[in-house]
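Geometric and topological summary
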Amino acid sequence: MQVRNPRTGEYDYHLTVDRLEDIREKAIRLRAAQKQWNEAGLDHRISVISDWADRLEQNKESVINQLSIDTGRNKISKIEYEGTLGMIRGRCHTVKSMLPPHEPRPSFIDPNVHITQQYIPYPVVGVISPWNFPMLLALIDAIPALLAGSSVLLKASEVTPRFLDPIEQSIVVHSGLSDVIQIIRGGAEAGREVIEQSDAVCFTGSVATGQKIAAHCAQRFIPAFLELGGKDPAIVLEDADIEITSEAILRSAAGATGQACQSLERVYADEKIVEHLTQTLLEKISTLKYNFHQGGALGPLIYDKQASIIQSHIDDALSKGAIIHSGGKVENMNGGLWIMPTVITQVTHDMKVMTEETFGPIIPIMTYSDEKEAIRLANDSIFGLSASVFSQNIERAHHLAKQIDAGGISINDASLTNKIFDVEKNAFKYSGINGSRMGRDGFLRFFRKKALMNQTGRPDSILMQSEE
Ligand code: NAD
């Protein structure tokens, strides 16, 4: 596969795709090694994974360098790398406190029966990840799965695969890890084979692919943990601090050029403050630069197909009467595709920009007249990933936050789920399904639970069933 460079538009990297028989072979090796990995115990796994984190530190420059080419952004690649290292070390540090109790206990129903629970990790966990944060999203599920005692078949996105080379180099042979994690390169076909070879699948990506993966996993009768797209709303109440609110909305909606699942993609502002909010946002946007300039915060659009979707959403809104106040055009500069944060008003729920995932730095703003309407509009979506509420009255903000159908609600900030990993959350509606990737559940979901029930009294007799 030829891979496009987002800065230059050139296809300058060749991805050697794993053949289906390679994937099967790797899965066989994982399955053979997993038993010993599990039996070696949690302390051993923590030590091997911590050593790997040390080696990743030694490869820091090359990982960040490749991530930067994959995504066209230097500073964010450094932050992504550091965040991933923090996640690995954090998981190693906290995992023991997440272990379930192992001591036998008497059953509440029959105290003579003593129960022991056994936690059995899935032997092979398939991880399939997207292109927007290639390193973090490849490892965020893989690490807790490995700690649980599973082995991992990891297929990262074919759009941003360069970072895999230094990652693979850091998985030193005989380190203990090389037997239990295998990297797969390729696209949808490779992804399908990963599902064929796995006992559970963690998928991060679009709703459309998520639906295919759910169906495939259902056929195989294996669990699918799906983390999918969003159309996150922000509700801005009339008492919100507009300076703080606009700062948070802009960072969330346009940070990483809007290429994040938990980016704000819809703003509902009280009609009394909408003008002030819009103007403050526009002032802040006017100071932003593309990242090929010194101090520029906005990288190129990584995936050319997504750039076309972004433009089509803007054009659809324009054709239906919306007004563009900034940005509005995907620009081709030296082969790269770029777009400035685009504030749009006069939008309605008949427009794609308010209903479909745009995945770009677009800030459509709609007004509401009362809180009931704000909640109705925020919940009028097929998505339910995350959301924001801005108000200086915390009680009121909580009251609203509790009514929004989404898994993570930031109050007086936005997209907090991209840094707060220690709390469980479930996506609502089409944004995902099954156990939380965060917190304790993000570890415990890799186990099947077995009950060992020890009868210490006398077993029931068949005569108990005799008719009166
Ligand atoms: P995508 O669905 O196009 O692809 C994701 C991965 O699935 C890739 O590795 C791809 O090769 C693989 N794939 C494609 N078809 C497959 C199939 N039939 N079987 C198995 N694997 C298959 O998503 P994308 O464009 O790479 O990523 C962007 C999407 O990811 C956005 O919708 C975004 O919201 C979502 N996302 C969600 C989260 C979250 O945590 N909820 C985080 C980041 C991104």
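Everything below is about the structure printed above this text.
Values in this document were obtained by computation on a predicted structure and should not be read as measured data.

1. Quick notes on the sheet that holds strand β21 (residues 432-433)
One open sheet accounts for six strands, arranged β7-β6-β5-β8-β9-β21; its pairing is mixed. Taken across any chain shown, the strands that pair with only one partner, and hence form the sheet edges, are β7 (181-184) and β21. One ladder, built from four bridges, connects strand β8 (residues 200-204) with strand β9 (residues 224-227); its direction is parallel. Each residue of the ladder has a partner; that of Cys-202, found in β9, is Phe-225.

2. Quick notes on the environment of Gln-219
By the element assignment, Gln-219 lies in helix α9 (residues 207-220). Note on Gln-219: relative accessible area 69%, which makes it exposed. For the pair formed by Gln-219 and Gly-187, sequence separation is 32 residues and the distance between their alpha carbons is 21 Å.

3. Things to note about the packing of aromatic side chains
Using the criterion set out here, one finds eight aromatic pairs in the structure. Ring centres of Trp-131 and Phe-359 lie 5.5 Å apart, and the angle between their planes is 80 degrees; on these two criteria the pair is classed as edge-to-face. Of the two residues, Trp-131 sits in the loop between β5 (124-128) and α5 (134-139) while Phe-359 sits in the loop between α13 (352-355) and β16 (362-368), which places them 228 residues apart along the sequence. For the pair Trp-131 and Phe-359, a shared accessibility class is recorded, and that class is buried. Ring-pair connections join several aromatic residues into one group, and the members of that group are Tyr-119, Phe-443 and Phe-447. Between Arg-105 and the ring centre of Phe-108, over which it is positioned, the NZ or CZ distance is 4.9 Å.

4. Some details on the site of the ligand
Around the ligand there are 28 residues in total, and Glu-158, Ser-206, Thr-209, Leu-228 and Glu-357 lie nearest to it. Between an oxygen atom of the ligand and a side-chain N or O atom of Glu-158, the distance comes to 2.7 Å. Leu-228 places a polar main-chain atom, nitrogen or oxygen, 2.7 Å from a nitrogen atom of the ligand. In isolation the ligand offers 860 Å² of accessible surface; the protein chains occlude 90% of this area. The set of elements that each furnish at least two residues to the shell around the ligand consists of α8 (188-197), β8 and α9. Sorting elements by how many residues they give to the shell around the ligand places α8 first, with three residues. For the shell around the ligand, the per-class residue count stands at twelve nonpolar, ten polar and six charged.

5. A short note on the pairing of β8
Along any regular strand, the residues point their side chains to alternate faces of the sheet. For β8, a buried count of five out of five residues is recorded, marking the element as mostly surrounded by other parts of the structure. Going residue by residue along β8, you find Ala-200, Cys-202 and Thr-204 tucked away on one face and Val-201 and Phe-203 tucked away on the opposite face as well. As paired elements, β5 and β8 share four bridges and run parallel to each other. When the sheet's bridge partners are listed, Gly-126 is paired in β8 with Val-201. Crossover β8 to β9 through α9 is right-handed.

6. Focus: the packing of helix α10 (residues 242-254) against helix α11 (residues 274-285)
With their axes 9 Å apart at the nearest point, α10 and α11 run at an angle of 55 degrees to one another. Compared by their axis directions, α10 and α11 come out oblique. Seen from above, α10 lies across α11 with right-handed handedness. Within the contact between the two elements, α10 uses Ile-242, Glu-243, Thr-245, Ser-246, Glu-247, Ile-249 and Leu-250 and α11 uses His-276, Leu-277, Thr-280, Leu-281, Lys-284 and Ile-285. Residue composition of the contact of α10 with α11, grouped by class: six nonpolar, four polar and three charged.

7. Quick word on empty space enclosed by the protein
In the structure shown here, the tally under the stated rule is two cavities of 30 Å³ or more. By volume, the largest cavity amounts to about 50 Å³. Forming the boundary of the largest cavity are Leu-226, Glu-227, Lys-425, Asn-426, Ala-427, Gly-432, Ile-433, Asn-434, Gly-435 and Ser-436. The set of elements that each furnish at least two residues to the lining of the largest cavity consists of β9 and β21. If you list the elements that add at least two residues to the lining of the second largest cavity, you get β10 (232-236), α14 (371-379) and β17 (383-384). For the lining of the second largest cavity, the per-class residue count stands at six nonpolar, three polar and four charged.

8. Quick word on the pairing of strand β19 (residues 408-411)
The alternating pattern of β19 places Gly-408 and Ser-410 on a buried face and Ile-409 and Ile-411 on a face that is not buried. As paired elements, strand β18 (residues 386-390) and β19 share four bridges and run parallel to each other. Each bridged residue has a counterpart across the sheet, and for Ser-386 the counterpart in β19 is Gly-408. In this region the chain leaves β18, passes through helix α15 (residues 394-401) and returns to the parallel neighbour β19; the handedness of that crossover is right-handed.

9. A short note on the sheet that holds strand β22 (residues 447-455)
Spatially, three strands are ordered β3-β4-β22 in an open sheet, and the strand pairing comes out antiparallel. Two strands in the sheet have a free side with no partner beyond their single neighbour: β3 (105-106) and β22. Alignment of β3 against strand β4 (residues 113-121), held across two bridges, turns out to be antiparallel. When the bridges of β4 are listed, Arg-105 appears paired with Ile-115.

Conventions we followed
Residues numbered from 1 in each chain as written. Predicted model: local features only at pLDDT ≥ 70, side-chain atom pairs only at ≥ 80, totals over all residues. Heavy atoms only, no water. Pairing = 2+ DSSP bridges. Helix = DSSP H or I, 4+ residues; strand = E, 2+ residues; numbered from the N terminus. Buried < 20%, exposed > 50% of the residue type's maximum accessible area, 1.4 Å probe, protein only. Phe/Tyr/Trp six-rings, centres within 6.5 Å; stacked < 30°, edge-to-face > 60°. Lys NZ or Arg CZ within 6 Å of the ring centre and 35° of its normal. Near = heavy atom within 4 Å. Polar contact = N/O pair within 3.5 Å; in protein donor to acceptor, adjacent residues only side chain to side chain. Areas by Shrake-Rupley, 256 points an atom, 1.4 Å probe, with all protein chains shown as cover. Nonpolar A, V, L, I, M, F, W, Y, C, P; charged D, E, K, R; others polar. Right-handed = clockwise from strand over helix to strand, strands pointing away. Axes fitted to C-alpha atoms, helices over the stretch in contact; angles between N-to-C directions. Parallel < 35°, antiparallel > 145°, perpendicular 65-115°, else oblique. Left-handed = near helix turned anticlockwise from the far one by under 90°. Contact = heavy atoms within 4.5 Å. 1 Å grid on protein atoms, 1.4 Å probe; cavity = no way out; pocket = protein on both sides within 12 Å on 5 of 7 lines; lining within 4 Å. Points joined across faces, edges and corners; volume = space filled by probe spheres on them.

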